[in-house]
Amino acid sequence: MPRRRITFRQLETFTTVAHMRSFSKAAAVLHLTQPAVSLQVRQIVETLGLPLFEPSGREVVLTAAGEELLQTARALDDVWGRFESAIADLKGLKRGRLRVALVTTAKYFLPRLLGDFSRRYPELLIDLEIAERERIVARMRDNRDDLYVMVYPPEDLELTCYPFLDNEQVVIAPLGHWAAERSIELQALSGERFILRETGSGSRRTIDTHLAQIGVKLAIKMSVNSNEAIRDLVASGMGLAVLSRHALPMNPASEGLCILDVQGFPLRKPWLVIHLKSKILSLPARVFLDELLLRVPARE
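Attention here is on the structure that accompanies the text. Just so you know, the residues in each chain are numbered from 1, in the order the chain's sequence is written. Given that the model is predicted, a residue must reach a pLDDT of at least 70 before its local features are reported, and side-chain atom pairs must reach 80 or more before they are shown or counted; all residues, however, enter totals for whole chains, interfaces and linings. Neither water nor hydrogens contribute to the side-chain values; these are computed over all heavy atoms in the structure.

1. Thoughts on the overall build of the chain
A run of H or I in DSSP becomes a helix once it reaches four residues, and a run of E becomes a strand once it reaches two; helices and strands are each numbered from the N terminus. When helices and strands are counted, the chain shows 9 helices and 13 strands. Structurally, the chain occupies a C-alpha span of about 75 × 50 × 30 Å along its principal axes. Think of it in three bands: residues with accessible area under 20% of the maximum for their type are buried, residues over 50% are exposed, and the middle band is partly exposed, with areas taken using a 1.4 Å probe on protein chains only. Expressed as a percentage of its 300 residues, the buried residues of the chain come to 46%. Any pair of residues with heavy atoms lying within 4.5 Å of one another is described as a contacting pair. Sequence-distant contacts in the chain: of pairs separated by 6 or more residues, those separated by 24 or more amount to 74%. Areas reported as accessible are Shrake-Rupley estimates using a 1.4 Å probe. Residue values count occlusion only from the protein chains shown. Surface summary for the chain: the accessible area is close to 15,700 Å², and the carbon and sulfur share equals 52%. Positive charges come from Lys and Arg alone, negative charges from Asp and Glu alone, with His and the N- and C-terminal ends not counted. By convention, charge coordinates are those of NZ in Lys, CZ in Arg, CG in Asp, or CD in Glu. If you average the places of the 40 positive and of the 36 negative side-chain charges in the chain, the two averages end up 3 Å apart.

This is the structure we're talking about:
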């Protein structure tokens, strides 16, 4: 089929419909009328000779041909981004786009580094996605971003991972807790109520693995998907928690919290900056990755 018959604009419209799972929502995002969106998708269908979407309730889902086209469109986007970055390189990194996605706990340090990077290259466009691990992994599978930051990458994808910073998990308690002035074993806290991150999060996986290794069971009374909510619950006396040190203020006492001296803690797992092994990194992504690894070396 003649490649010239499918335009970049048509591919952009198609990928937006695929992402929004709706022609009307895609039209709103693209600032087009719904008939215009439908026409561009129909023109691709006529070129390919196969349907791209099928109805599913009030939404549309991709057909097998649609899935193939979506993966191809994303690969083309990578190649085009690399081309734009090469041109930007000739202009002194004054144009281009950097797309970064990170799990929620990384929001306490990574945006500051992105902010510094943005100030040095003010004409670059930066897309930042912050979400729970499950959503970030889904974006990774769809090749939606350049770089990802998390502790536990999915094991079924071919990835390139760079450790760059320790994620220290500490035990926190309300200010004035009986164990605050001594060094104790975790077993001594087995009678306390614990509030932990939700199952599936990197933080929860780290503490669950440690508990299994040392053979200690904790009374887990609540699972919460918000570090801020966990801090508030602990400060109110609801229980103890294990949180990343990055999720705590510089002075925990300012929020009614204290860090307990528990043997074996802090638990340390490195933060990883990740990209798909097949990913063609844009120039902004390569420069940011290099700067990140230079500015934040892994701690011993």
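Now that the structure has been shown, we can carry on.
2. Some points on a nonpolar patch on the surface
Note on patches: the residues involved have over 30% relative accessible area and no salt bridge, like charges join within 9 Å, and the nonpolar side chains Val, Leu, Ile, Met, Phe, Trp and Tyr join within 5 Å. Whenever Lys or Arg places a side-chain nitrogen within 4 Å of a carboxyl oxygen from Asp or Glu, that contact is recorded as a salt bridge. A cluster of nonpolar side chains, Phe 8, Trp 80, Phe 83 and Ile 87, forms an exposed patch at the surface whose accessible area comes to about 400 Å². Sorting elements by how many residues they give to the nonpolar patch places helix α4 (residues 64-90) first, with 3 residues. Assignment of secondary structure puts Phe 8 in helix α1 (residues 8-20). Residue class for Phe 8 comes out exposed when judged on its relative accessible area of 55%.

3. Re the nonpolar core
To form a nonpolar core, buried Ala, Val, Leu, Ile, Met, Phe, Trp, Tyr and Cys residues must be joined to one another through side-chain atoms within 4.5 Å. Leu 110, Val 149, Phe 164, Trp 271 and Phe 288 are the most contacted members of the largest nonpolar core, which totals 37 residues. The set of elements that each furnish at least two residues to this core consists of β3 (97-103), α5 (110-120), α6 (133-141), β5 (147-150), β6 (159-174), β13 (267-276) and α9 (283-295).

4. Looking at α5
Within α5 the residues assigned to the buried category are Leu 110, Leu 113, Leu 114 and Phe 117. The arc that holds every buried residue of α5, seen down its axis, measures 100 degrees, which confines them to one face. Relative to its buried face, α5 has exposed residues pointing more than 90 degrees away, namely Arg 112 and Arg 119. Each direction from the helix axis to a C-beta atom contributes to the arc, which is the arc of those directions.

5. Let's talk about the packing of helix α2 (residues 23-30) against helix α3 (residues 34-48)
A pair of packed helices is characterised by two quantities: the angle between their axes and the separation of those axes. One way to put it is that α2 packs onto α3 with a least axis distance of 8 Å and a crossing angle of 105 degrees. Compared by their axis directions, α2 and α3 come out roughly perpendicular. On α3, the residues that touch Phe 23, Ser 24, Ala 27 and Leu 30 of α2 are Gln 34, Val 37, Ser 38 and Val 41. In terms of residue class, the contact of α2 with α3 is built from 5 nonpolar, 3 polar and no charged. Helix axes are fitted only over the stretch in contact, all axes being lines through C-alpha atoms; the angle between N-to-C directions runs from 0 to 180 degrees. In this scheme, roughly parallel covers angles under 35 degrees and roughly antiparallel covers those over 145, while 65 to 115 is roughly perpendicular and the rest are oblique. Note that Gly is not counted as nonpolar here; it falls among the polar residues with everything else outside the nonpolar set of Ala, Val, Leu, Ile, Met, Phe, Trp, Tyr, Cys and Pro and the charged set of Asp, Glu, Lys and Arg.

6. Overview of the packing of aromatic side chains
A pair of Phe, Tyr and Trp rings is counted when the ring centres sit within 6.5 Å of each other, with Trp represented by its six-membered ring. The angle between the planes then sorts it: under 30 degrees is stacked, over 60 is edge-to-face, the rest tilted. One pass over the full model with this rule turns up 8 aromatic pairs. When the centroid spacing of 5.7 Å and the interplanar angle of 70 degrees are considered together, the rings of Phe 23 and Phe 53 count as edge-to-face. Linking Phe 23 in helix α2 with Phe 53 in strand β1 (residues 53-56), this pair joins segments that are 30 residues apart in sequence. A single burial state applies to Phe 23 and to Phe 53, both of which are buried.

7. Description of the pattern of salt bridges
According to the stated counting rule, one finds 22 salt bridges in the structure shown. Asp 78 is paired through a salt bridge with Lys 279; the nearest N and O atoms lie 2.6 Å apart. Linking Asp 78 in helix α4 with Lys 279 in the loop between β13 and α9, this pair joins segments that are 201 residues apart in sequence. Residue Asp 78 is classed as buried on the basis of its relative accessible area, which comes to 8%. By relative accessible area, Lys 279 is classed as buried at 8%. Note that Arg 204 and Asp 208 form a salt bridge whose closest N and O atoms lie 3.2 Å from each other. Taken together, the residues span about one helical turn, with Arg 204 and Asp 208 both in helix α7 (residues 202-214) at a distance of 4 residues. Taking the relative accessible area as the measure of exposure, Arg 204 reaches 9% and is therefore buried. Under the relative-accessibility criterion, Asp 208 is labelled partly exposed at 31%. Through salt bridges with shared partners, a single network forms among Asp 77, Asp 78, Arg 99, Asp 146 and Lys 279.

8. Side note on the pairing of β3
Counting buried positions along β3 yields 6 of 7 residues, so the element is predominantly enclosed. Criterion used throughout: strands pair if DSSP finds at least two bridges between them. Bridge count for β3 against strand β4 (residues 125-131) is 7 bridges, and the pairing is parallel. Directly across from Val 100, in β4, lies its bridge partner Leu 128. Once the chain exits β3 it traverses α5 before rejoining the sheet at β4, and the crossover so formed is right-handed. Sheet topology places β3 next to β5; 3 bridges connect them, and they run parallel. Bridging from a neighbouring strand, Ala 101 pairs with Tyr 148 of β5. We call a crossover right-handed when, viewed with the strands running away from us, the connection from the first strand over the helix to the second turns clockwise.

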